[in-house]
Amino acid sequence: MNQKSQEIFGLIFNVQRFSIHDGPGIRTTVFFKGCPLRCFWCHNPEGLDLLPALQYWDHRCTRCGACVAACPHQLHHLEAGEHRIDRDRCAACFLCVDQCYSGALEPSGRRVRISELLPQLLADQPFFAASGGGVTLSGGEPLMQPQFARALLQACKQAGVHTAVQTCAQTSWAHLRSILPWVDLFLIDIKVLDPVMHEQCTGKSNRRILENVRRLADTSAPLVFRIPVIPGVNDRPETIAEIARFVATLRTPALTVELVPFHRLATDKYRSLGWTYEAADLCPLSAKAMDSLRAAARI
Ligand code: SF4
Ligand code: SF4
C-alpha cells in the first residue's frame, strides 16, 4: 500500500474490538458514517448521516454550565434545571465537548487516516489468528465512502487479516466491484422483497439492492445474509420464506441466512441526537416467534 493511500481520510463513529457478531471469530468492527437508507427501526442512528454530529446524554449532565460558556453560537441553554440545545444551528465544532468533563457531550463521527487506524486494528492480530477472526467494516454503509473502504480493506488484506464487509448493497456496482479483491466475506442485509414495502420502510426501492446481490453471487464471493426481523414489516413466516427462496436462487449459495431480532436498545441513541425514534413503540418478538421464523428461513 502506497503512501498516498495511507493518507486517505474516512469518517467513522466507532471502532469495536472483540466483536463476535460481525463475522467469524473475534473481530474488530469499524463503523462508517453515512447510509443511503433510512430504515425507521435503525439500530445505529449515529451512522445515518455522513457528517459529524453532537450527542448529548442527559443522565450524565451535571448542569455545570461549562458548555453554555464554550459554545460560540450560544446554542446550549440551562433553564429551570433543563438542558436544551438548539441543534439546528450546531456547527459540530465540538468546543463544548472539550469543556464537558462529565462525558454528557460526545462527538459522533471522527475523521481518521488509514495510517492512524490501521495500527489500531492490527494490534489485535493475535486474537484474529487464534480465533479465525479479522476486521469487519460496518456502519452506516461502508460503501458511502468507497475510496476509504477500499484502501482500508486493501491495507488489512496486505497485512494478512481476514476482511468482512457488512453492506445494505444500496450502492453502485462499480463500488462493490472495486472492493471485491480485498473482501473475504460479505454480510448482506436483506429487509423485505416487496419493493413497495421496502420503499415505505427504508425510503428506497430494493431494485438496485437485489440486482447487486445477484451480481455479487455471480462472482462466487462468499455471502452471509442477515434479515433484521421487524414487527409489522417482515415478521411473518411467509415473508421470511420469500427471502429465503430468493437467496436459494442465487448462483453462489449463501453460507448462512441469519435472522437478527429487533430490539429497542437504540432508543437512548436517538434521544442523544435529539431525534424521535419511530420504532420506540414496537415490541421485540418472543424467542418462540423467532424460532418459527428461523424454521421458515430453512426452506
Ligand atoms: S458541560 Fe457537560 S455537564 Fe456541564 S452543563 Fe454542559 S453538558 Fe452538562
Ligand atoms: S458543537 Fe460547537 S456549535 Fe455545536 S453546540 Fe457545541 S460548541 Fe456549539
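The rules behind the values
Residues numbered from 1 in each chain as written. Chains lettered and ligands numbered in written order. Predicted model: local features only at pLDDT ≥ 70, side-chain atom pairs only at ≥ 80, totals over all residues. Heavy atoms only, no water. Axes fitted to C-alpha atoms, helices over the stretch in contact; angles between N-to-C directions. Helix = DSSP H or I, 4+ residues; strand = E, 2+ residues; numbered from the N terminus. Parallel < 35°, antiparallel > 145°, perpendicular 65-115°, else oblique. Left-handed = near helix turned anticlockwise from the far one by under 90°. Contact = heavy atoms within 4.5 Å. Nonpolar A, V, L, I, M, F, W, Y, C, P; charged D, E, K, R; others polar. Core = buried A, V, L, I, M, F, W, Y, C linked by side-chain atoms within 4.5 Å. Buried < 20%, exposed > 50% of the residue type's maximum accessible area, 1.4 Å probe, protein only. 1 Å grid on protein atoms, 1.4 Å probe; cavity = no way out; pocket = protein on both sides within 12 Å on 5 of 7 lines; lining within 4 Å. Points joined across faces, edges and corners; volume = space filled by probe spheres on them. Domains from an automatic or database assignment. Pairing = 2+ DSSP bridges. Near = heavy atom within 4 Å. Phe/Tyr/Trp six-rings, centres within 6.5 Å; stacked < 30°, edge-to-face > 60°. Lys NZ or Arg CZ within 6 Å of the ring centre and 35° of its normal.

Caption draft 1: Region of the structure containing the packing of helix 4 (residues 114–122) against helix 6 (residues 146–158). Where helix 4 meets helix 6, the axes come as close as 11 Å, and the angle between the chain directions of the two elements is 40°. Between helix 4 and helix 6, the interaxial angle falls into the category oblique. Judged by the sense of rotation from one axis to the other, the crossing of helix 4 with helix 6 is right-handed. Along its contact with helix 4, which presents Ile114, Leu117, Leu118 and Leu121, the element helix 6 presents Phe148, Ala151, Leu152, Ala155 and Cys156. Residues belonging to the contact of helix 4 with helix 6 are distributed by class as follows: nine nonpolar, no polar and no charged.

Caption draft 2: View of the nonpolar core. Residues Leu152 and Phe186 are the most contacted members of the largest nonpolar core, which totals 67 residues. When residues no more than four places from it in sequence are discounted, the contact partners of Phe186 are Val165, Thr167, Leu176, Ile179, Leu180, Leu216, Ala221, Pro222, Leu223 and Val224. Grouped together as the second largest cluster of nonpolar side chains are eleven residues, Tyr56, Cys67, Phe94 and Ala104 included.

Caption draft 3: The environment of Val260, seen in detail. Relative to the helices and strands, Val260 is located in strand 12 (residues 256–261). Every residue in contact with Val260, bar those within four places of it in the chain, is listed here: Arg226, Ile227, Pro228, Val229 and Met290.

Caption draft 4: Representation of the layout of surface pockets within the structure. Size it by volume and the largest pocket reaches roughly 910 Å³. Lining of the largest pocket is provided by 37 residues; of these, His43, Asn44, Ser138, Gly139 and Gln166 occupy positions nearest its centre. Counting only elements with at least two residues in the lining of the largest pocket, the list comes to strand 1 (9–19), strand 9 (162–167), strand 11 (223–229) and strand 12. Ranked by the residues each element gives to the lining of the largest pocket, the list is headed by strand 1, at four residues.

Caption draft 5: Quick look at the domain arrangement of the protein. The assigned domain composition of the protein is domain 1 (3–50 + 110–267 + 276–297) and domain 2 (53–108). A separation of 32 Å is found between the C-alpha centroids of domain 1 and domain 2.

Caption draft 6: Layout of the pairing of strand 5 (residues 82–85). The alternating pattern of strand 5 places His83 and Ile85 on a buried face, while none of Glu82 and Arg84, on the opposite face, is buried. Bridge count between strand 4 (residues 76–79) and strand 5: four bridges; the pairing is antiparallel. What sits directly across from His77, in strand 5, is Arg84. Between strand 4 and the antiparallel strand that follows it, strand 5, lie two residues; Ala80 among them carries a positive phi value of about 50°.

Caption draft 7: Molecular detail of the site of ligand 2. In the vicinity of ligand 2, the contacting residues are Leu54, Cys71, Pro72, His73, Leu75, His76, Cys90, Ala91, Ala92, Cys93, Phe94 and Cys96. When grouped by side-chain class, the residues that make up the shell around ligand 2 number ten nonpolar, two polar and no charged.

Caption draft 8: Representation of the site of ligand 1 in the model. In the vicinity of ligand 1, 13 residues are found, and the nearest of them are Cys61, Cys64, Cys67, Cys100 and Ser102. Grouping the constituent residues of the shell around ligand 1 by class yields eight nonpolar, four polar and one charged.

Caption draft 9: Region of interest: the packing of aromatic side chains. The full count for this structure, using the stated rule, is six aromatic pairs. Their ring planes at 15° and their centres at 4.0 Å tell us that Tyr270 and Tyr277 sit as a pair that is stacked. A relative accessible area of 5% places Tyr270 in the buried class. One aromatic cluster is present, formed by Tyr270, Trp275 and Tyr277 through successive ring pairs. If you follow Arg111 out to its NZ or CZ, it ends over the ring of Phe9, 4.3 Å from the centre.

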